[in-house]
Amino acid sequence: MGTTGGEAFSAESDGSGLPARCAFVVDPGGGRIHGDEAKLTSGAGALDVPVPSVISYTAYLAAGRR
């Protein structure tokens, strides 16, 4: 994942219908999630993409009020 400064945790599942690895990057000091990603690990089904392929990526930003 492209996020830096955190610890990554991942798990593999085919619960979405396709085999994928889901990963989360977490701030070790505060426990906030910096980002998450889902990557196909084998077999893309009807999708015409190479394996492995990132199928979802989200980066989370902090916002504050003044």
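Let me sum up the structure you'll find in this document.

The rules we used
Residues numbered from 1 in each chain as written. Predicted model: local features only at pLDDT ≥ 70, side-chain atom pairs only at ≥ 80, totals over all residues. Heavy atoms only, no water. Pairing = 2+ DSSP bridges. Helix = DSSP H or I, 4+ residues; strand = E, 2+ residues; numbered from the N terminus. Axes fitted to C-alpha atoms, helices over the stretch in contact; angles between N-to-C directions. Salt bridge = Lys/Arg side-chain N within 4 Å of Asp/Glu carboxyl O. Buried < 20%, exposed > 50% of the residue type's maximum accessible area, 1.4 Å probe, protein only.

Another aspect to go through is the sheet that holds strand β2 (residues 20-26). Strands sit in the order β1-β2-β3-β4 across an open sheet of four strands; the sheet is antiparallel. For this open sheet the edge positions go to β1 (7-13) and β4 (53-59), each flanked by a neighbour on one side alone. The sheet shows a mean angle of 15 degrees between the axes of neighbouring strands, taken without regard to direction. As paired elements, β2 and strand β3 (residues 33-40) share seven bridges and run antiparallel to each other.

Let us now look at the pattern of salt bridges. A complete count under the given rule lists two salt bridges for this structure. Note that Arg21 and Glu12 form a salt bridge whose closest N and O atoms lie 2.5 Å from each other. Accessibility expressed as a relative area gives 34% for Arg21, which makes it partly exposed. For Glu12, a relative accessible area of 51% gives the class exposed. Salt-bridge contacts for Lys39 lead to Glu37; the nearest nitrogen and oxygen are separated by 3.9 Å. Taking the relative accessible area as the measure of exposure, Lys39 reaches 28% and is therefore partly exposed. For Glu37, a relative accessible area of 12% gives the class buried.

Direction of pairing for β1 relative to β2: antiparallel, over a ladder of seven bridges. Its bridge partner lying in β2, Glu7 is registered against Val26.

As far as function goes, none of this settles anything; it's purely spatial.
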